[in-house]
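An overview of the molecular structure
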Amino acid sequence: MTELPQDSFLTELKDEDDDEAQQLPPPPSNHDNGQFVTPDPDPKLLKHLSVLYEDLEEGDDTSFPINSHRRVPSETGSEYDTDLEDTESPKRTEYDSSGIGDYLKICEDMNMRPVSHFMRQTKNPSLSLRYQSLGCRKTVAITQALTSNTFVECLDLSDNDIGCDGMVSIAHMLTENYFITELSLEDNKIGLRGVATLCDVLSEHSYVKHLNLAGNGLNDPTAGVLGQMLKVNYTLTCLNVRQNQFSCLGAKAIAEALLSNDSLNELDISWNKIRSRGSEAIGKMVATNTGLISLNVSFNGLDALGAAAFTKAIKTNSQLVNLDLINTRIPGSECKELGKALALNTTLKIVKLGNNPFKEPDIELLFHGLTTTSLYIIGLEDIPLSKGLYERLQEFEKEQKVVIHYGRSGGNQRSRPMTSSALRLDEFITTNLSKLAPLVLAKDKDKTGQLTVSEFKECLQEAGLRLRQNELNRLVDKLNLREDQVPHKEILMGKIPSVLERMRNSAKQKRVKVNTEENEDSF
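As a starting point, this report considers the structure included with it. (Residues numbered from 1 in each chain as written. Predicted model: local features only at pLDDT ≥ 70, side-chain atom pairs only at ≥ 80, totals over all residues. Heavy atoms only, no water.)

**As for the overall build of the chain**
Convention followed: A run of H or I in DSSP becomes a helix once it reaches four residues, and a run of E becomes a strand once it reaches two; helices and strands are each numbered from the N terminus. Only protein chains enter the accessibility calculation, which uses a 1.4 Å probe; a residue is then buried when its area is under 20% of its type maximum, exposed when over 50%, and partly exposed in between. Residues are treated as being in contact if the distance between any of their heavy atoms lies within 4.5 Å. Under the convention used here, a 1.4 Å probe and the Shrake-Rupley method define accessible areas, while residue burial counts only the protein chains that appear.
A count of helical and extended segments in the chain gives 19 helices and 15 strands. Taken across its 523 residues, the chain has 49% of its residues classed as buried. The long-range share in the chain, meaning contacts at least 24 apart out of those at least 6 apart in sequence, stands at 80%. A total of about 26600 Å² of accessible surface is found on the chain, and carbon and sulfur atoms cover 48% of it.

This is the structure:
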């Protein structure tokens, strides 16, 4: 790999103990074979980047790129005698744990206007800078300021065109900041070299638990780098790599890493280019993995080979709770065996099979094998059903106490209309069960199996439910909970359908009551 271009500005970088100019060291990672080109020729930006590269390469704990000075080790011992009289020590300034002071100094040094949206959120646990068009320069300034920040736990930098150099500054920040546990870098064009730099840091500094790399155009070599990181990182619990360019080789690399990693609880690898061989590797991994709780492989191509592997995995897996197989080209011939596998599995609660090429006989074979099931939600979205089959499935719902999500019935009819708040709650719990369940269990310190309504609201909000406070209050009030208590099993693991059904029945009873009162008044 070629070194960074060395301009005249490098001669300004002088060490306090040496008058000779320093030469810029090479980039910290050797994962990319292409020549590095800086996206912004601003000398002041390059000056900051050069320090970041130096720290990542040498691991120098004595350098502080945020400040204009560097800490110099004492040349004399602690017992050094002096004839100088004691002078008054300078007043100590209060430590800025938000990083605002450092940020303003960096912006002044780089001749850049501060981002007000960032400054307003530096003391919040969740810092969202989505769609702010930060680019590389602003990202470098923000991440250097976050090095000393102790408030932010969740950092969202999605869709800011950060690029490789911005990724270097983020990686440097993670070596110093031990408080950020959730990091979202969706749609930032960070590329192979950016991911490699990040993985080098995550392999040694294991504090990030949730990582979102969706929509970055990552390819199979990048999946290999992620796989190497997953083999040694046992802190990461949630990985989102959807909407990338992974093919069979990339899927095999990630699946191989997860054969020995049981700490990852949630994996979203949907909307990639994974076909039969890659999906077969993922299916074999699921058969033996004991860590994954939620797996999303939707909008890939399982075909017959991958579908058979997943059918076998469902029979033996004892940990998976949520499985999304929407639009994965599962052949109808696999429905019978898939139904038998779902009947044998006792831990799977949510399975989504919508938008697959199932015909009516295939659906009948699927449910014929489900003589008994522990499922609570079955997704059949965008699969046309005849009126007769629709009625039989409704009977199956009542017998097995399961909720079936339909896309179409009789060609154009949608079943079970719900209020917008109820629908959002249903979808949220379905897709975020792995995040919500640990929060609920943590709140239940006395192990009573119940939470108060206020505690349940806090869990929903901490897991990411975006509802206005009045909507959340109104929605929880509709649950008709007794004595201000929320039972775990009823809400999380099995009674979500009954709760929503109770809400619908309550709405129907209110409408009937209103219509009856109106009719009585008319007489």
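Anyway, onward from the coordinates.
**A look at the pattern of salt bridges**
We count it as follows: The salt bridge criterion pairs a side-chain nitrogen of Lys or Arg with a carboxyl oxygen of Asp or Glu, the two atoms within 4 Å.
Taken as a whole and assessed by the stated rule, the structure comprises 11 salt bridges. Where R130 meets D156, a salt bridge forms, and the shortest distance between an N and an O atom there is 3.1 Å. Here R130, found in the loop between β3 (126–128) and α4 (135–146), pairs with D156, found in strand β4 (residues 154–156); they are 26 residues apart in sequence, far enough to count as distant. Taking the relative accessible area as the measure of exposure, D156 reaches 13% and is therefore buried. Here E458 makes a salt bridge to K443, at a shortest N to O gap of 2.7 Å. Placement of the pair is E458 in helix α16 (residues 453–462) and K443 in helix α15 (residues 433–443), with a sequence separation of 15 residues. K443 gets classed as partly exposed once you look at its relative accessible area, which sits at 26%. Salt bridges linked by common partners bring R277, E280 and K284 together as one network.

**Overview of the packing of aromatic side chains**
Short version of the rule: Each Phe, Tyr or Trp ring (for Trp, its six-membered ring) is paired with any other whose centre lies within 6.5 Å, and the angle between the two planes then decides the class: stacked below 30 degrees, edge-to-face above 60, tilted in between.
Counted by the stated rule, this structure contains five aromatic pairs. Measuring from centroid to centroid gives 4.6 Å for Y178 and Y207, while their planes differ by 25°, and the two rings are stacked. Pair noted here: Y178 is in the loop between α5 (163–176) and β5 (182–184) and Y207 is in the loop between α6 (191–202) and β6 (210–212), with a separation of 29 residues, a long-range link. Residue Y178 is classed as partly exposed on the basis of its relative accessible area, which comes to 44%. Ring centres 4.0 Å apart and planes at 15° place the aromatic pair W271 and F299 in the stacked group. On the criterion of sequence distance, the pair formed by W271 in the loop between β8 (266–268) and α9 (276–288) and F299 in the loop between β9 (294–296) and α10 (303–316) is long-range, its members being 28 residues apart. On the accessibility criterion, W271 (39% relative accessible area) is partly exposed.

**Notes on the sheet that holds strand β13 (residues 403–406)**
The line we're drawing: Two strands make a pair as long as DSSP finds a minimum of two bridges between them. An axis is simply a line fitted to the C-alpha atoms; with a helix, the fit covers only the stretch in contact. Between two such axes, the angle follows the N-to-C directions and lies from 0 to 180 degrees.
Strand order in the open sheet made by the 11 strands is β3-β4-β5-β6-β7-β8-β9-β10-β11-β12-β13, with parallel pairing throughout. Edge positions in the sheet fall to β3 and β13, since each has one partner strand and no second. On average, adjacent strands in this sheet sit at an angle of 5° to one another, irrespective of strand direction. Bridging between strand β10 (residues 322–324) and strand β11 (residues 350–352) involves three bridges; their strand directions are parallel. If you follow L323 over to β11, its bridge partner there is V351.

**Concerning a nonpolar patch on the surface**
Quick note on the threshold: Here a patch means residues that are over 30% exposed by relative accessible area and free of salt bridges, tied together within 9 Å if like-charged and within 5 Å if nonpolar (Val, Leu, Ile, Met, Phe, Trp, Tyr).
A cluster of nonpolar side chains, Y178, F179 and Y207, forms an exposed patch at the surface whose accessible area comes to about 300 Å². Of note, F179 is situated in the loop between α5 and β5. Exposure remark for F179: the relative accessible area of 41% places this residue in the partly exposed category.

**Remarks on the pairing of β13**
Applied cut-off: A crossover gets the label right-handed when its path from the first strand over the helix to the second runs clockwise, viewed with the strands pointing away from the viewer.
Where strand β12 (residues 377–380) meets β13, four bridges bridge the pair, whose relative direction is parallel. Within β13, the residue paired with L380 across the bridge is Y406. Between β12 and its parallel partner β13, the chain crosses via helix α13 (residues 387–400), and the hand of that crossover is right-handed.

**What to know about the environment of S158**
With respect to the helices and strands, S158 occurs in the loop between β4 and α5. Taking C-alpha positions, S158 is 9.6 Å from G215, a pair spaced 57 residues apart along the chain. When sequence neighbours within four positions are dropped, the list of residues in contact with S158 reads L129, R130, Y131, S184, E186 and N188.

**Some words on the environment of T181**
Within the secondary structure, T181 sits in the loop between α5 and β5. T181 sits 55 residues away from L236 along the chain, and the two C-alpha atoms are 9.0 Å apart. When near neighbours in sequence (up to four residues on either side) are disregarded, T181 contacts E153, Y207, V208, K209 and H210.

**Some thoughts on the nonpolar core**
The nonpolar side chains of a soluble globular protein tend to be buried with one another. Short version of the rule: The definition of a nonpolar core used throughout is a set of buried Ala, Val, Leu, Ile, Met, Phe, Trp, Tyr and Cys residues joined through side-chain atoms within 4.5 Å.
Counting residues in hydrophobic clusters, the biggest one holds 94 residues, and the most contacted among them are I282, L295 and F367. For this core, the element with the most residues is α6, which contributes six residues. Every residue in contact with I282, bar those within four places of it in the chain, is listed here: A251, A255, I269, I274, L295, V297 and F310. Ranked by size, the runner-up nonpolar core spans 16 residues in total, among them V321, I429, F456 and A463.

**Section: the pairing of β12**
Along β12, one buried face is formed by I377 and G379 and the opposite face, lined by I378 and L380, is buried too. Between the parallel pair β11 and β12, the chain is carried across by helix α12 (residues 360–368), and the sense of this crossover is right-handed.

**A few points about the packing of helix α11 (residues 335–344) against α12**
Worth spelling out the cut-off: An angle below 35 degrees is read as roughly parallel, one above 145 as roughly antiparallel, one from 65 to 115 as roughly perpendicular, and any other as oblique. Each helix crossing is assigned a hand: it is left-handed if the near helix lies turned anticlockwise from the far helix by less than a right angle, otherwise right-handed if that turn is clockwise. Classification convention: Asp, Glu, Lys, Arg as charged; Ala, Val, Leu, Ile, Met, Phe, Trp, Tyr, Cys, Pro as nonpolar; all other residues, Gly among them, as polar.
The geometry of α11 relative to α12 is characterised by a closest axis approach of 7 Å and an angle of 25° between their N-to-C directions. As summarised for this structure, α11 and α12 are arranged roughly parallel, according to the angle between their axes. Considering the relative orientation of α11 and α12, their crossing is right-handed. Listed contacts from α12 to C335, K336, L338, G339 and L342 of α11 are D362, L365 and L366. Here the contact of α11 with α12 is built from residues that sort into five nonpolar, one polar and two charged.

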